[in-house]
Amino acid sequence: MIHSLLLLVYASVVSSWLGEKRAADITTGDQPYTSILRTEAGTRGDLVLLGRLGDTYALWDHAKKTTTLLPASDITSLEIALKATSVVLGTK
């Protein structure tokens, strides 16, 4: 009984902390992945896939600081890729 109670409390605290950390990474743009979404209306890039809720995709638009919900039936393709990182080489 005590073990189950500790497990429930621990799982709740850890999942809350991980959720807050992931949300902070997404909203500040620190997420290493980006999504390119194609629909019949056009192509939208630089989105972060938050998840799928039933037949709806939840996407974060960092430029507008908004969440967009799109039905799966409206999406032609969804590509998830690593963000391009610029590397600055120092000289001695």
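Residues numbered from 1 in each chain as written. Predicted model: local features only at pLDDT ≥ 70, side-chain atom pairs only at ≥ 80, totals over all residues. Heavy atoms only, no water.

### Remarks on the nonpolar core
Applicable threshold: What is meant by a nonpolar core is a set of buried Ala, Val, Leu, Ile, Met, Phe, Trp, Tyr and Cys residues, joined one to another through side-chain atoms within 4.5 Å. Relative accessibility thresholds used throughout: buried, under 20% of the residue-type maximum; exposed, over 50%; partly exposed, between the two (1.4 Å probe, protein chains only). A contact between two residues is defined here by any heavy atoms of the two lying within 4.5 Å.
Leu 37, Leu 47, Tyr 57, Leu 59, Leu 70 and Ile 75 form the largest nonpolar core, which has 6 residues in total. Each residue touching Leu 59, except ones within four places of it in the same chain, is listed here: Leu 37, Leu 47, Val 48, Leu 49, Leu 50, Thr 66, Thr 67, Thr 68 and Leu 70.

### Thoughts on the side chain of Thr 56
Spelled out, the test is: Numbering goes from the N terminus for both helices and strands, where a helix is a DSSP run of H or I of at least four residues and a strand is a run of E of at least two. The definition of a polar contact used here is a pair of N or O atoms within 3.5 Å, where within protein one atom must be able to donate a hydrogen and the other to accept one, and adjacent residues in sequence count solely through side-chain atom pairs.
Examined against the element boundaries, Thr 56 turns out to sit in strand β3 (residues 56-61). Within the structure, Thr 56 has its side chain in polar contact with the side chain of Asp 55 (distance 3.5 Å). Sequence-distant contacts of Thr 56, defined by excluding residues within four places in its chain, comprise Gly 51, Leu 69, Leu 70, Pro 71 and Ala 72.

### So, helix α1 (residues 2-28)
Our working definition: The length a helix should cover is 1.5 Å for every residue beyond the first.
The end-to-end C-alpha separation of α1 is 39 Å, in line with the 39 Å expected for 27 residues at 1.5 Å each. Two residues or fewer after α1 comes Gly 29, characterised by a positive phi angle close to 85°.

### Details of the environment of Leu 53
Mapped onto the secondary structure, Leu 53 falls in strand β2 (residues 42-53). A sequence separation of 21 residues divides Leu 53 from Pro 32, and the C-alpha atoms of the two residues are 22 Å apart.

### Focus: the sheet that holds β3
Whenever strands of a sheet pair, they do so through backbone hydrogen bonds, lying parallel or antiparallel. To keep it simple, the criterion reads: Strand pairing is assigned whenever DSSP detects at least two bridges linking the two strands. For helices, the fitted axis covers only the stretch in contact; all axes are lines through C-alpha atoms, and the angles between them, taken along N-to-C directions, range from 0 to 180 degrees.
Pairing within the open sheet is antiparallel, and its 5 strands lie in the order β4-β3-β2-β1-β5. The open sheet has two edge strands, β4 (66-71) and β5 (75-82), and neither has a second partner. Across the sheet, the axes of successive neighbouring strands diverge by a mean angle of 45°, strand direction being ignored. Across 6 bridges, the pairing between β3 and β4 is antiparallel. Each bridged residue has a counterpart across the sheet, and for Asp 61 the counterpart in β4 is Thr 66. Against the sheet, α1 contacts β2 and β3, and its axis sits at roughly 170° relative to β2.

### Digging into the pairing of β2
Sheet topology places strand β1 (residues 33-39) next to β2; 4 bridges connect them, and they run antiparallel. Across the sheet, Arg 38 pairs through a bridge with Thr 43, a residue of β2. Linking β1 to β2, which pair antiparallel, is a turn of 2 residues. Across 6 bridges, the pairing between β2 and β3 is antiparallel. The residue bridging Leu 49 from the neighbouring strand is Leu 59, located in β3.

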